[in-house]
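Coordinate analysis (summary)
Here is how the chains run, residue by residue.
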Amino acid sequence: MQVADESRRGFDGMSSLQAVMDALSPVALMLEKQAFDQGRAFGYCRGCGIWSWFVQPLEAEGWANLSEGMLCACGLNGRMRGVLAVVDDVLARMDAVPEAAVFERLTPMFGPLLRRLPGITGSEFLGMQYRSGDMVEHGGLQVRHESMDDTSYASGSLGLVMHFDVLEHVPDPMAALRECHRILVPGGRLVFSTPFYEELTISIRRAWLRDGVLVHDLPAAYHGNPVDEGGALVFTQFGQDLFDMVAAAGFCGVEARLAFNPVEGVLTNACPYPDGHAWPVVFVAAKPAASA
Ligand SMILES: [Zn+2]
């Protein structure tokens, strides 16, 4: 991926992030082993606002993804609670409640976001046959369809744009980041998460579209998808050059926030293999205030 001059800040951010991860590593390993051994952990859920047991079922291989697990009774998993903490922090620093959009509608995450941002619009990608902005009946709900690389939002119309674990499923992540930049007001914020493989210097493209036809560079990998039981295909595994990509899309002040917080049941994904291990990292980027 292309390296832009603005990326220096990103690389500095990465080295300090790496140092924090290294320092926290023994604590994370201990708490994660405890969660596996006990099958649950006690903590505070900022989604439903109560102290509760987060349940962690084990999978066959003796480990399970703790970011997607550690489930609160309200449905939020560890990853979502970590994201919500960063959203809360970003909102606390804004002068007013922003016009907001999130590319997510059908997960337990939407409720807590709607309570914080009463005018927020949520959407899902519901299929190639729809146009962005279409309302589609899905499971008894009218759900807005948006394709993140070509949305129906007007340019400069939103103060806050969010997507959580969506970017890795978009065929052209640069196009999606540029689109998020387009729809934000100058000075607006993009908050997003995606599995971030801190050991990877350069992101891995697993699949892409050539003239609309799916090409696999690597064996197909899928993540859970709220609108398709078959899962969502992973196009990209992001590494450290994600900072450069966000900067190249026009954003400034790209920050990676480490959302690790045992009190709220936010740990790493606990993958025992170094190339699959991911900390709970949430990215916050700003559209420059003077941007045209
Ligand atoms: Zn909860």
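For the structure itself, consult the block above.
Residues numbered from 1 in each chain as written. Predicted model: local features only at pLDDT ≥ 70, side-chain atom pairs only at ≥ 80, totals over all residues. Heavy atoms only, no water.

A few points about the coordination of the zinc ion
Distances from the zinc ion to its protein donors, C45 (SG), C48 (SG), C72 (SG) and C74 (SG), fall within 2.3 to 2.4 Å. Read in sequence order, the donor residues coordinating the zinc ion give the pattern C-x2-C-x23-C-x1-C. (Donors = N, O, S within 2.8 Å, 3.2 Å for Na, K, Ca; no water.)

Looking at the pattern of salt bridges
Summed over all chains, the structure comprises twelve salt bridges. Where R257 meets D89, a salt bridge forms, and the shortest distance between an N and an O atom there is 2.7 Å. A residue pair is termed long-range when its members are at least 10 positions apart, and R257 in strand β15 (residues 252-258) and D89 in helix α2 (residues 78-92) qualify at 168 residues. Residue R257 is classed as buried on the basis of its relative accessible area, which comes to 18%. Its relative accessible area of 25% is what places D89 among the partly exposed residues. Salt bridges here are not isolated pairs; linked through shared partners, they connect R46, D88, R116 and E264. (Salt bridge = Lys/Arg side-chain N within 4 Å of Asp/Glu carboxyl O. Helix = DSSP H or I, 4+ residues; strand = E, 2+ residues; numbered from the N terminus. Buried < 20%, exposed > 50% of the residue type's maximum accessible area, 1.4 Å probe, protein only.)

Quick look at the packing of aromatic side chains
By the definition in use, this model includes nine aromatic pairs. Aromatic pair Y44 and W51: ring centres 5.5 Å apart, planes at 55°, arrangement tilted. Judged by relative accessible area, Y44 falls into the partly exposed class, the value being 27%. By relative accessible area, which is 52% here, W51 ends up exposed. (Phe/Tyr/Trp six-rings, centres within 6.5 Å; stacked < 30°, edge-to-face > 60°.)

Looking at a nonpolar patch on the surface
A surface patch of nonpolar side chains, amounting to about 460 Å² of accessible area, comprises F42, W51, W53 and V263. Note that W51 resides in strand β2 (residues 50-55). (Patch = residues over 30% accessible without salt bridge, like charges linked within 9 Å, V, L, I, M, F, W, Y side chains within 5 Å. Areas by Shrake-Rupley, 256 points an atom, 1.4 Å probe, with all protein chains shown as cover.)

Observations regarding the state of the cysteines
If you walk through the whole model with that rule in mind, you get zero disulfides. There is no disulfide at C180, and the cysteine sulfur nearest it, in C252, is 15 Å away. (Disulfide = S-S within 2.5 Å.)

A word on helix α4 (residues 173-183)
Burial runs high along α4: nine of the eleven residues are buried. Those residues of α4 that fall on the buried side of the exposure criterion are P173, M174, A175, A176, L177, E179, C180, H181 and I183. The secondary structure elements touched by the buried residues of α4 are β7 (158-164), β8 (184-193), β14 (236-237) and α5 (242-248). (Contact = heavy atoms within 4.5 Å.)

Some words on the nonpolar core
L113, M162, F164, L177, V191, L242 and F251 are the most contacted members of the largest nonpolar core, which has 72 residues in total. For L242, the contacting residues outside a window of four places in its chain are L167, F192, T194, F196, S203 and F283. (Core = buried A, V, L, I, M, F, W, Y, C linked by side-chain atoms within 4.5 Å.)

By themselves, these figures tell us nothing about what the structure is for.
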